[in-house]
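# Survey of secondary and tertiary structure
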Amino acid sequence: ATANFMASLHTNYVVNLDFDAELPEPAEDVKTLNLAKGQRKFSCRLPGGKNSTEPRDAPDAKKHFLAAKLAPFRGSCISSTIDFWHYDLCSGSRVVQYRDDAGLRFSLGEHQDSDRLLPTGEVRELYLFGAENRSTEVRYVCGPVLPSFEVVEDPVHFYTITVQGPSFCTWKEKEGAEATTPEGQKLLITSLLEPMRSRCLNITQGWWTYEYCYPTKMVQFHLENDKRSPQYTLGTLEGTGESLEPNKVNMSMYRMNPGTGPRERRAPPSRHLTLEQKLGGGDVCDETNRHRKVTLNFRCPGEWQKRPETRIVGLTESSLCEYHVLIQTTLLCGHHRLMPNLPRGKETIQCVAHEDGSL
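Residue positions are given per chain, counted from 1 along the sequence in the order it is written. pLDDT decides what is reported in this predicted model: residues at 70 or higher carry local features, side-chain atom pairs at 80 or more are listed and counted, and totals for whole chains, interfaces and linings draw on all residues regardless. Side-chain numbers here rest on the full set of heavy atoms in the structure, without hydrogens or water.

### Here's the deal with the pairing of strand E10 (residues 135–142)
- Partly exposed describes any residue whose relative accessible area lies between the buried limit of under 20% and the exposed limit of over 50%, with all areas from a 1.4 Å probe on protein chains only and scaled to the type maximum. Numbering goes from the N terminus for both helices and strands, where a helix is a DSSP run of H or I of at least four residues and a strand is a run of E of at least two. Counting buried residues in E10 gives seven out of eight residues, a clear majority hidden from the surface.
- Between any two strands, at least two bridges found by DSSP are needed for them to pair. Alignment of strand E9 (residues 123–128) against E10, held across five bridges, turns out to be antiparallel. Residue pairing across strands places Tyr127 opposite Thr136, the latter belonging to E10.
- If you look at the hairpin formed by E9 and E10, you'll find six residues sitting between the two strands, and Phe129 has a positive phi there, around 65°.
- As judged from the eight bridges shared by E10 and strand E12 (residues 158–165), these two strands associate in the parallel manner. Directly across from Thr136, in E12, lies its bridge partner Tyr159.

Written out as structure tokens, the structure reads:
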């Protein structure tokens, strides 16, 4: 048991070695460990025992998940036009109503630190102290593939904004691969990626540039004088019979193999899953005489709190004309099986030296 514990230590543990204090009273969570390069015995009270407490700086799991759901919305504004009015919802900041043609502009409230996560997966935000005491409640609810934006003023100067989207569904069906909206619509997990549609991501490595356009294809080309030459298709859904329509794109959940470097070996186990898409049918490779193919993994980034942009963060040619691509996007962070593990706070292991000194 001692050896297993020592092998599991990582950077979230701080070990305090005390050579002068008295031994702790016998308890189930006190173990004898050989530390100081094996030269001394210590009695250590381990984390997780009866007398241990939750680390003070450990984040609250519910708040962590709530923030992850809102990550794609933070730092940007959603706009909508209803009748003659325009509305800007800047999530986590403010709500504004305006008419440029009439020179009118009203604050509908400033964001309050009172966000709530409901058991249904939905989220509520409150915006107060707007013009003439206007206020707004924003409801993020489970809805169709493409987010929608509705505004209701009832009573006067109190606004309810409803934002629908798949990030706010429960995702409990088929091991998290499907969800059902309140209206009965079945959603596939790939609906979370729909805001990427009609967008292309690029990464340049040396002479080559690689471009992925969701969900259709990935190409490789050399760009010179605004011309792509040569250009090769690495993988495509075109002509395969696979659906390209919203909420019908086929992907699977996949746990990537952990790295083998020292940092990865020290890290705690993770249940961090990705979405995996396989594209075949690329141009024929001269070296293998087979069609090129590519595997793409979409992952919620570990640093999602910083709201990193959706981008290609890794591309390797695992074998001749077979490629692996890693894409990070906060669009997946609102799914409980696709967000990274909740980080733990620092845990202190108190150790007291044995009086007999060396072993």
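### Examining the sheet that holds strand E19 (residues 252–254)
- Strands sit in the order E19-E20-E21-E23-E22 across an open sheet of five strands; the sheet is mixed. Only two strands of the sheet have a single neighbouring strand rather than two, namely E19 and strand E22 (311–319). Each strand of the sheet is rotated relative to its neighbour by a mean of 30°, with strand direction disregarded. To obtain an axis, a line is fitted to C-alpha atoms, over the contacting stretch when the element is a helix, and the angle between two such axes runs from 0 to 180 degrees between their N-to-C directions.

### Brief notes about the side chain of Lys69
- As for its position among the elements, Lys69 is in helix H2 (residues 61–70).
- Working convention for charge: Lys and Arg count positive, Asp and Glu count negative, and His plus the chain ends are omitted. Here, a salt bridge means any Lys or Arg side-chain nitrogen found within 4 Å of an Asp or Glu carboxyl oxygen. Here Lys69 is buried and forms no salt bridge, its nearest opposite-charge partner Glu122 lying at an N-O distance of 9.5 Å.
- Reaching out from Lys69, the side chain makes a polar contact with the backbone oxygen of Ser167 at a distance of 2.6 Å.
- The contact partners of Lys69, leaving out residues within four places of it in the chain, are Leu117, Gly121, Val123, Ser167, Phe168, Cys169, Cys333 and Gly334. Pairs of N or O atoms within 3.5 Å make up the polar contacts considered here, provided that, within protein, one atom can donate a hydrogen while the other can accept it, and that residues adjacent in sequence are counted only when both atoms are side-chain atoms. Throughout, a residue-residue contact means that at least one pair of heavy atoms, one from each residue, lies within 4.5 Å.

### Some remarks on the environment of Arg299
- Relative to the assigned elements, Arg299 resides in strand E21 (residues 293–299).
- The class of Arg299 is partly exposed, set by a relative accessible area of 28%.
- The residues contacting Arg299, other than those within four sequence positions of it, are His272, Thr274, Leu326, Ile327, Gln328, Thr329 and Leu332.

### As for unusual backbone geometry
- A cis amide bond links Tyr214 to the next residue, Pro215, at an omega of -10°.
- The step from Ser229 to Pro230 runs through a cis peptide bond, and the omega angle for that step is 0°.
- Within the element layout of this structure, Pro230 appears in strand E18 (residues 227–236).
- Despite not being glycine, Asn225 has its phi angle at roughly 55°, a positive value.
- The class for Asn225 is exposed, based on a relative accessible area of 68%.
- In the Ramachandran plot, Arg307 falls in the positive-phi region, its phi being about 55° despite a non-glycine side chain.
- On the secondary structure map, Arg307 appears in the loop between E21 and E22.
- Arg307 sits in the partly exposed class, given a relative accessible area of 43%.

Just geometry here; none of it tells us what the structure is for.
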